Amino acid sequence: YHVIIRGNYRADIFSTATTKDSFLNCLWQAADKANWRLHAYVLMRNHYHLAVETPEGNLVEGMRWLQSTFANRFNRLRDESGHVFQGRYRAILLEGFAAVGAVAHYLHLNPVRARIVAADEAGKYPHSSLVWLDRPKQRPARLDLSAALQAAGSLTDTPAGRSRYRAYLAWLAT
């Protein structure tokens, strides 16, 4: 699925690195609890995107846990109450590695399109799955970048394949 959700009233949710890190901790917990495979993710100031595979068909349950847990933590930290997210998330079914890969490219380039980083610096945006590309041994266990690599020309998760993937994203960004 390509999952998209915005902050309530399009308000900034992820305006600090601490909030983004807190959300990512919740995301990895949700992925573990629901046995999800994440193919890509990106956090922006007022929304986030996921490319997620749900082998157990439990997107609803996992998203309920993720959204409510993060919202509770977010509100508790700020001594606030109320909705953090704008309505229900949107989930678009993706069929096949090509579709998952195309969404992964889109997510990885989201900070570039928002002019937060330059195309050749996309891998340095710290709140995107692309930051893990060159650190395969440190990647979260639930993150699988193989669909993105495969969809970029049957690339492999090797130094050469990762380098070609960065070049491919730079080309897409032009």
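Note: the structure precedes this text.
Rules used throughout
Residues numbered from 1 in each chain as written. Predicted model: local features only at pLDDT ≥ 70, side-chain atom pairs only at ≥ 80, totals over all residues. Heavy atoms only, no water. Phe/Tyr/Trp six-rings, centres within 6.5 Å; stacked < 30°, edge-to-face > 60°. Helix = DSSP H or I, 4+ residues; strand = E, 2+ residues; numbered from the N terminus. Buried < 20%, exposed > 50% of the residue type's maximum accessible area, 1.4 Å probe, protein only. Lys NZ or Arg CZ within 6 Å of the ring centre and 35° of its normal. Pairing = 2+ DSSP bridges. Axes fitted to C-alpha atoms, helices over the stretch in contact; angles between N-to-C directions. Contact = heavy atoms within 4.5 Å. Parallel < 35°, antiparallel > 145°, perpendicular 65-115°, else oblique. Nonpolar A, V, L, I, M, F, W, Y, C, P; charged D, E, K, R; others polar. 1 Å grid on protein atoms, 1.4 Å probe; cavity = no way out; pocket = protein on both sides within 12 Å on 5 of 7 lines; lining within 4 Å. Points joined across faces, edges and corners; volume = space filled by probe spheres on them.

**What to know about the packing of aromatic side chains**
This model, assessed by the stated rule, comprises seven aromatic pairs. Relative to Phe70, the ring of Phe14 lies with its centre 5.8 Å away and its plane at 35°, an arrangement referred to as tilted. Of this pair, Phe14 sits in the loop between strand 1 (2–6) and helix 1 (17–34) while Phe70 sits in helix 2 (residues 59–78); the two residues are 56 residues apart in sequence, bridging distant segments of the chain. For Phe14, a relative accessible area of 0% puts it in the buried group. Both rings, one in Trp28 and one in Tyr41, keep their centres 5.6 Å apart while their planes meet at 85°; by these two values the pair is edge-to-face. Pair noted here: Trp28 is in helix 1 and Tyr41 is in strand 2 (residues 37–43), with a separation of 13 residues, a long-range link. Judged by its relative accessible area of 16%, Trp28 falls in the buried class. Among the residues examined, Tyr41 registers a relative accessible area of 1% and is labelled buried. Chaining the aromatic ring pairs together yields one cluster made of Phe14, Phe23, Tyr48 and Phe70. For the cation-ring pair, Arg88 lies above Tyr89, with the distance from its terminal atom to the ring centre recorded as 4.3 Å. Above the ring of Trp132, the side-chain terminus of Arg135 is found at 4.3 Å from the ring centroid.

**Side note on the sheet that holds strand 3 (residues 47–53)**
Read from one edge of the open sheet, four strands run 2-3-1-4, paired in antiparallel fashion. Among the strands making up the open sheet, the edge pair consists of strand 2 and strand 4 (90–92). Here the average twist between neighbouring strands, direction ignored, is 15°. Relative to strand 4, strand 1 is paired through three bridges, and the arrangement is antiparallel. In the sheet register, Val3 faces strand 4, and the bridge partner there is Ala91. Across the face of the sheet, helix 1 comes into contact with strand 2 and strand 3 while running at roughly 165° to strand 2. Where helix 3 (residues 97–108) meets the sheet, its contacts fall on strand 1, strand 2 and strand 3, and the angle it forms with strand 2 comes to roughly 25°.

**Considering the packing of helix 3 against helix 6 (residues 159–173)**
As a packed pair, helix 3 and helix 6 sit with axes 10 Å apart at the nearest point and diverge in direction by 75°. Classified by the angle their axes make, helix 3 and helix 6 are roughly perpendicular. Residues Ala104, His105 and His108 of helix 3 form the contact with helix 6, whose participating residues are Tyr165, Tyr168, Leu169 and Leu172. Its residues assigned to classes, the contact of helix 3 with helix 6 shows five nonpolar, two polar and no charged.

**Notes on the layout of surface pockets**
Each pocket or cavity is described by its volume, and for the largest pocket that value is around 210 Å³. Along its surface, the largest pocket is lined by twelve residues, and Met63, Gln67, Phe85, Gly87 and Arg88 are the ones closest to its centre. The residue makeup of the lining of the largest pocket, split by class, is six nonpolar, four polar and two charged. Put simply, the second largest pocket is a space of about 190 Å³. Residue lining of the second largest pocket: 14 residues in total, with Asp120, Ala122, Gly123, Leu130 and Arg166 positioned closest to the centre. Class assignment for the residues of the lining of the second largest pocket results in eight nonpolar, one polar and five charged.

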